[in-house]
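Remarks on the overall topology
What follows is the residue order along each chain.
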Amino acid sequence: MLFEKLRSTFSSLVSTLSTRELSEKELESILNNMILSLLECDVAYEVAEEIVRNLKGRVLGKKVPSSEMKRFVQESLKQSILEVFNEVPKVNIIERVEYKRNKGEPFVILFLGINGTGKTTTLAKIANLLKKNGFSLIAVCGDTHRAGAIEQLKHHASKLGIKVIEQKYGADPAAVARDGITYAKAHKIDVVLIDSAGRIQTDRNLMEEILKVVRVVNPDFKIFVGDSLAGNDAVSQSKEFLKYTNFDGVILTKTDADTKGGSAISITYVTKKPIIFIGNGQGYDDLEEFSPEKLVQSLFSLH
Ligand SMILES: Nc1nc2c(ncn2[C@@H]2O[C@H](COP(=O)(O)OP(=O)(O)O)[C@@H](O)[C@H]2O)c(=O)[nH]1
Ligand SMILES: [Mg+2]
């Protein structure tokens, strides 16, 4: 079941904390165990510590009638988690695109991340969404490395009825991206979606390559595409990509298969960038606006 692990961690914590009045020492030990359980759910260490510290501050020394205790602990925990998301500004991508269209300029979105996280699929999902909102678009094949990448993007684009700007394999992605923007300006296209090759965050050459794309085209919005199943590794990826590219937002994919549920909290905490959408399937419509409230709600809903 979705987020089963994190959900059962929270549920057992709420029961333990609400059975009787606890001394500070007892509370301390329960909360320390809580950190371990959170780690198992892909919540990064620094984040788990922060949530637990926040929770402790909320429950310690509070005189709450025992009948109210369970609800109180649950609410405190919810608030501790929501606080992670509240520190981050919300972004409405449709409004941003509209703003740029009103100025007569194309809105340029660059998709980044490591291999196989869902960048190309997510680009297609965003194309689908923007098209439904009445925007004209083109896609740029900035993955000139992986065999089949150009064909894959063209396959999606032809299904969605979108033009693709491409060069040959081995071409400089920054040059292809520049072609895309020139085309969009000449043809009054509203949005340019730039796909990019997957790159391991520790590969300096490839990180320099994406930095070059960023410098050359100066995208309006850079999206880090992270795989929720990658757990804590997605957290280190996001940190490293942020350092290089200072991306603007995150899309977390494959949440339909995520049983742990901690990635969204961790990535938000370490990057302080908003998760704009989550991917929850392989179809073009399997893209959902991310809502912290909804996430927290689902983490505390009954089985
Ligand atoms: N279940 C599921 N699969 C996804 C999702 N997003 C992408 N995928 C799949 O992940 C695989 C890799 O996607 P792709 O877009 O090629 O990744 P890229 O290498 O980052 O461009 C494909 O099989 C996609 O269908 C998602 O939200 N849910
Ligand atoms: Mg790809």
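What counts, and at which threshold
- Residues numbered from 1 in each chain as written.
- Chains lettered and ligands numbered in written order.
- Predicted model: local features only at pLDDT ≥ 70, side-chain atom pairs only at ≥ 80, totals over all residues.
- Heavy atoms only, no water.
- Domains from an automatic or database assignment.
- Contact = heavy atoms within 4.5 Å.
- Buried area = accessible area lost by both parts, 1.4 Å probe.
- Salt bridge = Lys/Arg side-chain N within 4 Å of Asp/Glu carboxyl O.
- Polar contact = N/O pair within 3.5 Å; in protein donor to acceptor, adjacent residues only side chain to side chain.
- Helix = DSSP H or I, 4+ residues; strand = E, 2+ residues; numbered from the N terminus.
- Nonpolar A, V, L, I, M, F, W, Y, C, P; charged D, E, K, R; others polar.
- Buried < 20%, exposed > 50% of the residue type's maximum accessible area, 1.4 Å probe, protein only.
- Pairing = 2+ DSSP bridges.
- Right-handed = clockwise from strand over helix to strand, strands pointing away.
- Axes fitted to C-alpha atoms, helices over the stretch in contact; angles between N-to-C directions.
- Parallel < 35°, antiparallel > 145°, perpendicular 65-115°, else oblique.
- Core = buried A, V, L, I, M, F, W, Y, C linked by side-chain atoms within 4.5 Å.
- Expected span 1.5 Å × (residues − 1).
- Arc of directions from axis to C-beta.

Before going further, it helps to spend a moment on the domain arrangement of the protein. Segmenting the protein into domains produces domain 1 (4-86) and domain 2 (93-300). Inter-centroid distance (C-alpha atoms) of domain 1 to domain 2 is 35 Å. Between domain 1 and domain 2, the contact holds 22 residues from the first and 25 residues from the second. It is Asp42, Lys78 and Phe85 that lose the most area in domain 1 upon contact with domain 2, and together they represent 32% of the buried surface on that side. Where domain 1 touches domain 2, the interface holds 2 salt bridges. Of the charged contacts in the structure, one is a salt bridge between Lys239 and Glu46, with a shortest N-O distance of 3.4 Å. Scanning the region where domain 1 abuts domain 2 turns up 8 residue pairs in polar contact (both at pLDDT 80 or more). Broken down by secondary-structure element, the contributors of at least two residues to the side of domain 1 that touches domain 2 are helix 1 (4-19), helix 2 (24-40), helix 3 (45-59) and helix 4 (66-86). No other element matches the 7 residues that helix 4 contributes to the side of domain 1 that touches domain 2. A per-class count over the side of domain 1 that touches domain 2 returns 13 nonpolar, 1 polar and 8 charged.

Let us look at the pairing of strand 2 (residues 137-142). Along strand 2, 6 of the 6 residues are buried, which leaves the element largely enclosed by surrounding structure. In strand 2, alternate side chains face the same way, and those of Leu137, Ala139 and Cys141 on one face and Ile138, Val140 and Gly142 on the other are all buried. As paired strands, strand 2 and strand 4 (residues 191-196) are joined by 6 bridges and run parallel to one another. Across the sheet, Leu137 pairs through a bridge with Val191, a residue of strand 4. As defined by bridge partners, strand 2 adjoins strand 3 (residues 163-165) across 3 bridges and the pair is classed as parallel. Bridge pairing links Ile138 to Lys163 in strand 3. With respect to chirality, the unit in which strand 2 leads through helix 7 (residues 149-160) into the neighbouring parallel strand 3 is right-handed.

To continue, consider the packing of helix 3 against helix 11 (residues 263-271). Direction vectors running N to C along helix 3 and helix 11 enclose 95°, while the axes themselves pass 9 Å from each other. Here helix 3 lies roughly perpendicular to helix 11, going by the angle between them. Residues Glu46, Val47, Glu50 and Ile51 of helix 3 touch helix 11, and the partners they reach there are Ile265, Ser266, Tyr269 and Val270. For the contact of helix 3 with helix 11, a count of residues per class yields 5 nonpolar, 1 polar and 2 charged.

Here 8 strands make up an open sheet; going across it, the order is 3-2-4-1-5-6-7-8 and the pairing mixed. The outermost strands of the open sheet, each flanked by one partner alone, are strand 3 and strand 8 (287-289). Direction aside, the axes of adjacent strands within the sheet are offset by 25° on average. Relative to strand 6 (residues 249-253), strand 5 (residues 221-227) runs parallel, the two sharing 5 bridges. Within strand 6, the residue paired with Phe224 across the bridge is Val250. Each of strand 1 (107-112), strand 2, strand 4, strand 5, strand 6, strand 7 (275-279) and strand 8 is contacted by helix 6 (residues 119-132), which is oriented at about 170° to strand 4, the strand it contacts most. Taken strand by strand, helix 7 contacts strand 2, strand 3 and strand 4, and its axis lies near 165° from that of strand 2.

In terms of nonpolar packing, the biggest core is built from 72 residues, with Phe10, Leu77, Ile81 and Ile265 touching the most fellow members. In terms of residues, this core owes the most to one element, helix 4, which gives 8 residues. When residues no more than four places from it in sequence are discounted, the contact partners of Phe10 are Met34, Leu38, Leu77, Ile81, Leu299 and Phe300. Among the nonpolar cores identified, the runner-up in size contains 30 residues, and Phe107, Ile126, Ile162 and Val191 belong to it.

Attention now goes to helix 8 (residues 173-186). Compared with an ideal rise of 1.5 Å per residue, which puts 14 residues at 20 Å, helix 8 spans 20 Å between its outermost C-alpha atoms and is within 8% of the ideal. All of the buried residues in helix 8 are Pro173, Ala174, Ala175, Val176, Ala177, Gly180, Ile181 and Ala184. In this structure, the buried side of helix 8 is in contact with strand 1, strand 2, strand 3, strand 4 and helix 9 (204-217). One side-chain oxygen at the N-terminal end of helix 8 lies 3.0 Å from the backbone nitrogen of Ala174; it belongs to Asp172.

Glancing now at helix 2. For helix 2, built from 17 residues, the straight-helix expectation of 24 Å at 1.5 Å per residue is met to within 8% by its first-to-last C-alpha distance of 25 Å. Those residues of helix 2 lying buried are Leu27, Ile30, Leu31, Met34, Ile35 and Leu38. Seen from one end, helix 2 has its buried residues packed into an arc of 160°, which puts them on one side. Across helix 2 from its buried face, at more than 90 degrees, point the exposed residues Lys25 and Leu36. Taken together, the buried residues of helix 2 touch helix 1, helix 3 and helix 4.

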